[in-house]
Structure formats: structure tokens, C-alpha cells
Amino acid sequence: MAFASLLARSSSRLSSSKTAVSIFFLRSSRQLHSSTTPKKNGDVSSISAEKGRWNWWSRSLVPLAIAAASATSFALLNQSYPPSISQSSALDSSKGVKIGGKGSTELVVKGEYKEVPKELFAELKSILQDNLTTDYDERYFHGKPQNSFHKSVNIPDVVVFPRSEEEVSKILKSCNKYKVPIVPYGGATSIEGHTLAPKGGVCIDMSLMKRVKALHVEDMDVVVEPGIGWQELNEQLEQYGLFFPLDPGPGASIGGMCATRCSGSLAVRYGTMRDNVISLKVVLPNGDVVKTASRARKSAAGYDLTRLIIGSEGTLGVITEVTLRLQKIPQHSVVAVCNFPTVKDAADVAIATMMSGIQVSRVELLDEVLIRALNMANGKNLKEVPTLMFEFIGTEAYAREQTQIVQQIASKHNGSDFVFAEETEAKKELWKIRKEALWACYAMAPGHEAMTTDVCVPLSHLGELISKSKKELDASPLLCAVIAHAGDGNFHTCIMFDPNNEEQRKEAERLNNLMVHSALSMDGTCTGEHGVGTGKMKYLEKEHGIEALQTMKKIKNALDPNDIMNPGKLIPPHVCY
């Protein structure tokens, strides 16, 4: 059965439904502005800002769920407004707690705050002119990750917007001189507290550096600045028949994707960020600019500095240029969907498909809870059972042949309702629904936060891990939805909890710990693609061992002896050497 007909039958408009929920992505019209009027919370006045520049649609999407139900109403997720730095002592009442470190389960990330010298403000103003601000709203916005439950007692003292590599170098050199922390900021889509500023300092927003510097069509590579988003880049590449194959959350920037070593649903075919970056330029804490490699597709010349920076989460320097490997847009693709009675059956089909040698480009697993959320959010009527979504690419004949082979595999593992789509709009609609998974979970639990797990295990253990986790999740009083990149053993759980309910937060943490430790016992990892930030630090010693962490610490100290680069992230605070 063609999937287009299934979509047509299952669609229902919100205007005719009293229970459907629609997800909208709002284009923020907030603008940075100069102000000489102090904020009522005691904030200092703004130094200056680029007038009319602020539009973060290309970097961050904010979900707004609107309900049309008579008995049940869905409200916009409310965020509590934090105290200013001068009022933050109330949050710092418990002493001696290592946040994000070994054994930590605390929600609020602490950090020792030191006032930024006036001399640094003056130097930053000289470097950036109008492209910086101390406006409280802007500092808070940059200090609270948009899709993360993590919080910090402090926010940045100033947000700067460099336009060039030269300006970045000068900023880092000045901050290093005064030993003031720097927090790099990209698309604001990270979820593990990467952009928190627990020690205050300078937030360096890279959104103005978003040029495509050079496109080499015959070499199938492109040189870009870090602020450009992957979606925006692909829009520009489409006319050349090329695309960049990684597809993390909407709004993610190339620089942030490098920093977190992200991947996405296409990683099963094209690899992760480390496999798709040819070279980088990075500014070190002392202001030095380093180019990590040439544009050659392979090299055995010296240490692999490119891979050292990828995944370093802004703790070693600021990325200012990225050379990316590109791919040809597939000649033809088929998207298929199949239902299963259990997540174990679905996972087994994903494993069997990979073992068959079929070169799928996507294998996504969604459990029945997530399907229910997507139905509500999109006005659909998809069958609420564990579901696998596949994408096959190649020539038309080859893609169809792969589809038929996988259909046969699925039928041997209790698969049913196998449908497929070849029409462009039907395929776009299907993946659009998939990409809205997180927002759909927010809509099902208004006022709640999402603790999103990111475990990854060797493929042969995926079925066992998902089955074990699913039993605990179903028994929990919390709303828990599962989505997996089943082709490479990576799966996420959106655990929805009320941030004002301590028992719910502890239950979410218990479930998260269970899945992480289960994955580690199977020779897996605590994070397949989201990165460490502050949220995953407590698992690193068990995963890597203290010797590996001490080696990381030595590298960090060698490149950043003043510890100004994104302090309090990635390396647990108890690690020393």
C-alpha cells in the first residue's frame, strides 16, 4: 500500500478536531537593544547591540502547543524566571555538592563567580563596537538552553557577537589575559547543559559568522563558517545536486554540531560528524589560530587535531571554519513504515536488516507512546504500536528491491501494515512528523521538562537493552516515549517530569541511570550523539576509567591552563592528575 494514501486517510484538520494538538514553531521577533535604564532585577544596563539583528529562527525552534479540547487544555510550557547574579545566593545554599561530577544528581549547576573586570568590558567594546550586550533578558536567554532542563546559578555577564575570525582571536586573547570564562554558543539546540555559564563570564554567540566561504563541487566539499545551520546549508547546496548528510535537531549550527560530535538519523549510512569533517580552523584560548588539516580526503601527517576538536564541546577553543564532506543527492528514495507488537520485534528487524547487507539510509524506531504523541500533535490517526521507519536510496529499481527484501524480513518478525512512500510530498510529511517528536512529547505533558536519554550499544545488544528499558519505563508513573536510531544501536527516551516536583525528577533520574548503566554493562556509551555537557559527566569514569579522564585533563590543561574555555563541562570536576 502506498504511504501517501495512508497519510490522506489518517490526516484530520485541527479545525474539525476537539482533541488534536498542533505544534507551531514561532519566529521570535525579539531584538537586542541599547538601554540606559537599569532592569528592575538589578541588572546592569546594556553596553550596546546590533539594532534589529535578533532573529533566532534559523538557530532554535520553540514549540508552542495549542489545544482545542473542551475537557483538556494544553498550555505553553512555562519557564521559571531566574534570579540575577546578585540574587543567586538562595540557589547556592547547599554546600559541598559536585554538580555533574561523580555521583551527582543535582539539578542546578553551581560555579564560583568572579566579577568581570571593567577593563575587559572596555576591550570587548573596542573589538566589537555595537555587537555585544549586557541586557539581562539576552544574558538569561543565552544562559538557559532552550531544550534542556539543566539550569545554572549564574548567567553570562556579557554576550558578544563576533563577525570574523580575527575578532574571535582578539576576544579570546583578552578573556585569557583577565582569566574570564568563555562559553561558545551555536544553535541553542543542545540538551545536556553545554551552554550554561555556571561561572558567568562571556558568552560568544557565533550566529553572525554564517558564510559559505568556498564550494568545491568537483571535490564534493564546502568551507563554511560555524554559525550556518545544516538546513540552511543544504538549501544552498541543493542547486548543485549536493547535500550535507547529517540531520540533528532543527536549528542546529555546523559549529555546534562539530563541538558535540553529533549525528542524526542518517548516521547509519553516512557516519557521524567526525566522519564528515575534513578540516577545521580553531582559535585557542591564547588567541592562536590553528588549522587542523588540509582539504585532502585522507592524510597520515601528524596528530589528528581535527578529531581532537570535534566533540570537545568548546573546552579547547572556538571553531571559526569548517570544511565538510558532501554527498550527491540520491537519485531516488523510498520511505517505508511497518508496525510491530513489541519494541523487541522492531529492534530485531532493524538488526536483521543491517545484517542482511542492505545499505539503508535511515532506520528509526518509535514506540507506541511516541506514536500517540505524534497523532495528537499532528492530527493523525496512525496505529499506536511500535513502528519502524526505513529509507532506501539509489536507483529506482534498487530502492524498490531493498524495500521488498526488508518487507520479507519484517514479515518473519511479526511485522504488519508494511506501507511505503515514493512521492516527494508524502516522504517530506513523514520525516516532518518524525522530527517533531520532542515537541509532541512536550504537548502531551504541558509544563513538564524532558530528560532525554542517549545511550548507544553494539547493535547486537539493542533489542535486549530496549526490552529491559521498556519494562521499567512502562511501569513508571512518568510519561516516557522511546525513539531510536535503530540501525546503529542508539536510542533516546523522552522522560517527561515536572521540574517543581522533586519525586518526579528523582524518578526520571532513576530511569536515566538504569538505562545508562545497562548500556555500559553491554560495552556501550552514555551518549551516542548528544554529548556530555554537565548532564553526562557523572558517567564518564565508569565508561572510560580514571586514567582516560586524567589524559583528557592533561590535554585540557596544556591547551587551556587558565581553564577559561567552557569551564565545568565534559571533564568531571573530581578528576585531577
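Everything below is about the structure shown above.
Residues numbered from 1 in each chain as written. Predicted model: local features only at pLDDT ≥ 70, side-chain atom pairs only at ≥ 80, totals over all residues. Heavy atoms only, no water.

1. So, the side chain of threonine 320
As a reminder, the rule being used: Strands are runs of DSSP state E lasting at least two residues, helices are runs of H or I lasting at least four, and both sets are numbered from the N terminus onward. Three exposure classes are used, based on accessible area relative to the maximum for each residue type with a 1.4 Å probe and protein chains only: buried under 20%, partly exposed in between, and exposed over 50%. Polar contacts, as used here, are pairs of N or O atoms within 3.5 Å; protein pairs need one atom able to donate a hydrogen and one able to accept it. Residues neighboring in sequence count only if both atoms are side-chain atoms. Any two residues whose heavy atoms approach within 4.5 Å are treated as being in contact.
Relative to the assigned elements, threonine 320 resides in strand 14 (residues 318–325). Exposure remark for threonine 320: the relative accessible area of 2% places this residue in the buried category. A polar side-chain atom of threonine 320 sits 2.8 Å from a polar atom in the side chain of glutamate 165. Ignoring anything within four residues of it in the chain, the contact list for threonine 320 reads Glu165, Val168, Met209, Glu225, Pro226, Lys281, Val282 and Val283.

2. Remarks on the sheet that holds strand 7 (residues 182–185)
The line we're drawing: Pairing between strands is defined by DSSP: at least two bridges between the two strands are required. Only the stretch in contact is used when fitting a helix axis, every axis being a line fitted to C-alpha atoms; angles between N-to-C directions are given from 0 to 180 degrees.
Read from one edge to the other, the open sheet built from 4 strands follows the order 4-6-8-7, with strand pairing classed as mixed. Edge positions in the open sheet fall to strand 4 (132–133) and strand 7, since each of these has one partner strand only. The pairing of strand 6 (residues 158–160) with strand 8 (residues 202–205) spans 3 bridges and is parallel. The residue of strand 8 that forms the bridge with valine 158 is valine 202. On top of the sheet, helix 2 (residues 118–128) reaches strand 4, strand 6 and strand 8; it is set at about 20° to strand 6, its chief contact. Contacts between helix 4 (residues 165–178) and the sheet are confined to strand 6, strand 7 and strand 8, with strand 8 contributing the most and set at about 170° to the helix.

3. Some remarks on empty space enclosed by the protein
Inclusion rule: Here a cavity is any set of points on a 1 Å grid over the protein atoms alone where a 1.4 Å probe fits but cannot get out, and a pocket is any open set with protein on both sides within 12 Å along at least 5 of 7 lines; a residue lines the site when it has an atom within 4 Å of a point. Grid points are joined across faces, edges and corners, and a volume is the space filled by probe spheres set on the points.
Throughout the structure, instances matching the rule amount to 3 cavities of 30 Å³ or more. Quantified by volume, the largest cavity comes out at close to 960 Å³. Around the largest cavity, the lining comprises 49 residues; the ones closest to its centre are Thr189, Ser190, Pro248, Gly249 and Ala252. If you list the elements that add at least two residues to the lining of the largest cavity, you get strand 7, helix 6 (254–260), strand 14, helix 13 (424–435), helix 14 (437–444), strand 22 (479–485) and strand 23 (490–497). Here the lining of the largest cavity gets 5 residues from one element, more than from any other, and that element is helix 6.

4. As for the pairing of strand 9 (residues 212–216)
When strand 9 meets strand 10 (residues 221–224), the two strands line up antiparallel, connected through 4 bridges. Across the sheet, valine 212 pairs through a bridge with valine 224, a residue of strand 10. Between strand 9 and strand 10, which pair antiparallel one after the other, the connecting turn spans 4 residues, and methionine 220 there sits at a positive phi close to 55°.

5. Regarding the pairing of strand 22
Remember that side chains alternate between the two faces of the sheet whenever the strand is regular. Of all the 7 residues making up strand 22, 6 are buried; the element is thus mostly covered by neighbouring parts of the structure. Note that strand 17 (residues 362–366) and strand 22 share 3 bridges and pair antiparallel. Bridging across to strand 22, leucine 365 finds its partner in alanine 484. Alignment of strand 22 against strand 23, held across 7 bridges, turns out to be antiparallel. Following the sheet pairing, alanine 481 is matched in strand 23 by cysteine 494. Linkage of strand 22 to strand 23, two consecutive antiparallel strands, is achieved through a turn of 4 residues, within which glycine 489 is found at a positive phi near 80°.

6. Examining the layout of surface pockets
For clarity, the threshold we go by: Charged residues are taken to be Asp, Glu, Lys and Arg, nonpolar residues to be Ala, Val, Leu, Ile, Met, Phe, Trp, Tyr, Cys and Pro, and polar residues to be all remaining types, Gly included.
By volume, the second largest pocket amounts to about 820 Å³. Along the wall of the second largest pocket there are 33 residues; nearest its centre are Arg261, Ile310, Gly311, Thr527 and His544. For the lining of the second largest pocket, the secondary structure elements donating two or more residues are helix 9 (305–309), helix 17 (540–544) and helix 18 (546–559). The residue inventory of the lining of the second largest pocket, partitioned by class, reads 12 nonpolar, 13 polar and 8 charged.

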